Amino acid sequence: MWKKIFEFLTYPIEWFWDKAEEAWKNKQYTKAILIGIASLLGIVAALAALAYLLYLIWVYLKSHPRFTAISIFIVFLYGYVKYNRKNVKINASDISVDATQIKQEAKDGYFPMKKAVFLAIQDIANDYGMIKPKHPEEIEICEEPYVIRDNLCIYQFKIEKQNYSTSCDKSRENELQYQLQNKIKAILLNGDCSDITILDYHDQYGNRLDGVVVDRVREIESCFYVDTVYASEAYMKYRRNRELNRNISKQKHTEVVEEWKGQS
């Protein structure tokens, strides 16, 4: 409960830093100042609301001593049960990565990733018929900026096309993916996105990846959609499983074709 209250109180501050950093780096200084004022007003309003709520609770409990005693007893019971649940022994195989931690890491990594993709697009937008974005916000997918799957966060961005009537084939998408990968790699090596410190990643089998990986590029109607990830063991496992599934699908398809040829 206290964690939720703390998150409620600090939300205006997190919002301020997310928006102010973007505005400041885009040289929108007036916007950054206005965001700071709005954030400060949000904190004051949140503190005032919390203080008023606590005052009402105190007044009610003070005037209802029996209810207060029962409430304290119930809270004690919940705390006692929770403590005992934490101390139950479990097998190591049952331990999973904390979902809350993954969500927080995904949130923390979103702005640096968005900046890296935004900078990479600037040099190649015209070559692939994309509208060059002026601000990082223009490549956001607001309804779902990232997805978390198998302890892996996949960041999603979109870039609008200059001409909706044109389309590209799979080889062109692969070429764009390759160009974006090289641009992001150069950006990280040059230190243009200093918030991302991992430049390359090596797994336990000796495989190497760039610190940021362009996992997929798709053209869908009026936009190009770009999926990116931070290289990690979770991503390597995801990649191996995906490749394995592809090989199984190809093998089944080949068997079906050969069987059909044998019957004809």
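Residues numbered from 1 in each chain as written. Predicted model: local features only at pLDDT ≥ 70, side-chain atom pairs only at ≥ 80, totals over all residues. Heavy atoms only, no water.

**A closer look at the environment of Asp150**
This is how it is decided: Only runs of H or I of at least four residues qualify as helices and only runs of E of at least two qualify as strands under DSSP, and these elements are numbered from the N terminus. Working definition: with a 1.4 Å probe on protein chains only, accessible area under 20% of the residue-type maximum means buried, over 50% means exposed, and in between means partly exposed.
Among the structural elements, Asp150 can be located in the loop between strand E1 (146-149) and strand E2 (152-160). Residue Asp150 is classed as exposed on the basis of its relative accessible area of 63%. Distance from Asp150 to Lys237, taken between C-alpha atoms, is 9.3 Å for residues 87 residues apart in sequence.

**Some thoughts on the pattern of salt bridges**
Quick note on the threshold: Criterion for a salt bridge: a side-chain nitrogen of Lys or Arg within 4 Å of a carboxyl oxygen of Asp or Glu.
Applying the stated criterion across every chain, the model contains 12 salt bridges. Close ionic contact of Lys114 with Glu140 constitutes a salt bridge, the shortest N to O distance being 2.5 Å. With Lys114 in helix H4 (residues 99-124) and Glu140 in the loop between H4 and E1, the pair connects residues that are 26 residues apart, well separated along the chain. Counted as one network, the salt bridges with shared partners bring together Asp200, Arg208 and Asp210.

**Quick look at the packing of H4 against helix H5 (residues 170-189)**
Quick reminder of the rule: Helix axes are fitted only over the stretch in contact, all axes being lines through C-alpha atoms; the angle between N-to-C directions runs from 0 to 180 degrees. Helix crossings fall into two classes, left-handed where the near helix is turned counterclockwise from the far one by less than a right angle and right-handed where it is turned clockwise. Contacts were defined at the residue level, with two residues in contact if any of their heavy atoms lie within 4.5 Å. Residue classes follow a fixed rule: Ala, Val, Leu, Ile, Met, Phe, Trp, Tyr, Cys and Pro count as nonpolar, while Asp, Glu, Lys and Arg count as charged, and any other residue, Gly among them, counts as polar.
Where H4 contacts H5, the axes come no closer than 9 Å and their chain directions differ by 120°. As H4 packs across H5, the resulting crossing turns out to be right-handed. Seen from H4, the contacting residues are Ala116, Val117, Leu119, Ala120, Ile121, Asp123 and Ile124; seen from H5, they are Leu176, Gln179, Leu180, Lys183, Ile184 and Ile187. Residue composition of the contact of H4 with H5, grouped by class: 10 nonpolar, one polar and two charged.

**As for the packing of aromatic side chains**
As a reminder, the rule being used: Side-chain rings of Phe, Tyr and Trp (the six-membered ring for Trp) are treated as a pair once their centres are within 6.5 Å; stacked means planes under 30 degrees apart, edge-to-face means over 60, and tilted covers the remaining angles.
Taken as a whole and judged by the stated rule, the model has six aromatic pairs. Connected via pairs of aromatic rings, a cluster forms that spans Tyr110, Tyr146, Tyr155, Phe157 and Tyr230.

**What to know about the side chain of Asp210**
We count it as follows: What qualifies as a polar contact is a pair of N or O atoms within 3.5 Å, subject to a donor-acceptor requirement within protein and to the restriction that residues adjacent in sequence count only when both atoms come from side chains.
Locating Asp210 in the fold gives a position in strand E4 (residues 208-210). Look at Asp210 and you get buried, because its relative accessible area is 11%. One polar contact links Asp210 to Gln181, side chain to side chain, over a distance of 3.1 Å. Engagement of the side chain of Asp210 in a polar contact is seen with the side chain of Arg208, the distance being 2.9 Å. Excluding residues that lie within four positions of it along the chain, Asp210 makes contacts with Gln181, Lys185, Leu199, Asp200 and Ala231.

**Overview of the pairing of strand E6 (residues 223-230)**
We count it as follows: Two strands qualify as a pair provided DSSP detects at least 2 bridges between them.
Most of E6 is tucked away: six of the eight residues are buried. Judged from the six bridges that link them, E2 and E6 form a sheet pairing that is antiparallel. The residue bridging Ile159 from the neighbouring strand is Phe224, located in E6. By the bridge criterion, eight bridges tie strand E5 (residues 212-220) to E6 in an arrangement that is antiparallel. Paired with Val214 across the strands is Thr228, a residue of E6. Counted between consecutive antiparallel strands, the loop separating E5 from E6 contains two residues, among which Glu221 sits at a positive phi close to 55°.

**Focus on the sheet that holds E6**
Ordered by their spatial adjacency, four strands build an open sheet running E1-E2-E6-E5, and the pairing between neighbours is antiparallel. At either end of the open sheet lies a strand with only one pairing partner, and these are E1 and E5. On average, adjacent strands in this sheet sit at an angle of 25° to one another, irrespective of strand direction. The strands touched by H4 are E1, E2, E5 and E6; relative to E2, the strand with the most contacts, the crossing angle is about 35°. Packing against the sheet, H5 makes contact with E5 and E6, and its axis sits at approximately 145° to E5.

**Considerations on helix H2 (residues 29-63)**
Threshold: One less than the number of residues in a helix, times 1.5 Å, gives the span that helix is expected to have.
Its 35 residues give H2 an end-to-end C-alpha distance of 52 Å, which sits within 8% of 51 Å, the value for a rise of 1.5 Å per residue. Looking only at H2, the buried set comprises Ala32, Ile35, Ser39, Ala46 and Leu50.

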